[in-house]
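# Per-entry structural report
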Amino acid sequence: MDDIQQTIVNIAQSIPGYAGYQAKERRRENDRLMRRQLAAKFEEQRARIARLTRQAPVDAMDDLETLDQKAQRLIARLNTAPTGYAGWFDAAQIGESDLDQITQCDAALADGVQQFQAALDRIAAA
């Protein structure tokens, strides 16, 4: 970082509340990245559903297609979920506790990928 950039960073850090705002912005960006990764992992499992559907007996196809549609809706929601953004001077602010809840939700979704994969493994074995 050159001297001018460092000076700008130092000035910004001296503004009351700016450091907290930047920390929240980093958390929101991390949340956005996490959701993209989760959507990609669920999309991989959705591809498995498509392969299973091609191999499945006719009586199981409806259930697999329903599962595929639900997975598709989940992926769409992950891709379009709001990131908890609130401008610096907005009346409604997103607090640290709200961001903590979002992080916990993302962790639960990550566990859900593994559970979904295990369930598809059981379906494939059947």
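See above for the structure.
Reference entry: report on the structure contained in this document. Everything quoted here is computed from the prediction, not taken from an experiment.

Check the secondary structure of the protein and you find four helices and zero strands. The order of α-helices and β-strands along the protein, N terminus first, is α-α-α-α. Relative to its full complement of 126 residues, the protein shows a buried share of 26%. Sequence-distant contacts, at least 24 apart, represent 79% of the contacts inside the protein between residues at least 6 apart. In the form shown here, the protein has an accessible surface area of approximately 8,700 Å², with 54% of it arising from carbon and sulfur atoms.

Further remarks concern the pattern of salt bridges. Inspection of the entire model under this criterion finds six salt bridges. Across the pair Asp106 and Arg35 runs a salt bridge, and its minimum N-O distance is 3.2 Å. Of this pair, Asp106 sits in helix 4 (residues 96-125) while Arg35 sits in helix 2 (residues 18-55), placing them 71 residues apart in sequence. Its relative accessible area of 4% is what places Asp106 among the buried residues. When salt bridges that share partners are traced, they join Asp31, Arg35 and Asp106 into one network.

With that settled, consider the nonpolar core. Most often, soluble globular proteins keep nonpolar side chains buried together rather than apart. In terms of nonpolar packing, the biggest core is built from 14 residues, with Leu38, Phe42, Ile49, Leu78, Phe116 and Leu120 touching the most fellow members. Mapped by element, the contributors of at least two residues to this core are helix 2, helix 3 (58-80) and helix 4. In terms of residue count, the dominant contributor to this core is helix 2 (five residues).

Within the secondary structure, Thr53 is located in helix 2. Of note is the side chain of Thr53, whose polar atom sits 2.8 Å from the backbone oxygen of Ile49.

The rules we used
Residues numbered from 1 in each chain as written. Predicted model: local features only at pLDDT ≥ 70, side-chain atom pairs only at ≥ 80, totals over all residues. Heavy atoms only, no water. Helix = DSSP H or I, 4+ residues; strand = E, 2+ residues; numbered from the N terminus. Buried < 20%, exposed > 50% of the residue type's maximum accessible area, 1.4 Å probe, protein only. Contact = heavy atoms within 4.5 Å. Areas by Shrake-Rupley, 256 points an atom, 1.4 Å probe, with all protein chains shown as cover. Salt bridge = Lys/Arg side-chain N within 4 Å of Asp/Glu carboxyl O. Core = buried A, V, L, I, M, F, W, Y, C linked by side-chain atoms within 4.5 Å. Polar contact = N/O pair within 3.5 Å; in protein donor to acceptor, adjacent residues only side chain to side chain.

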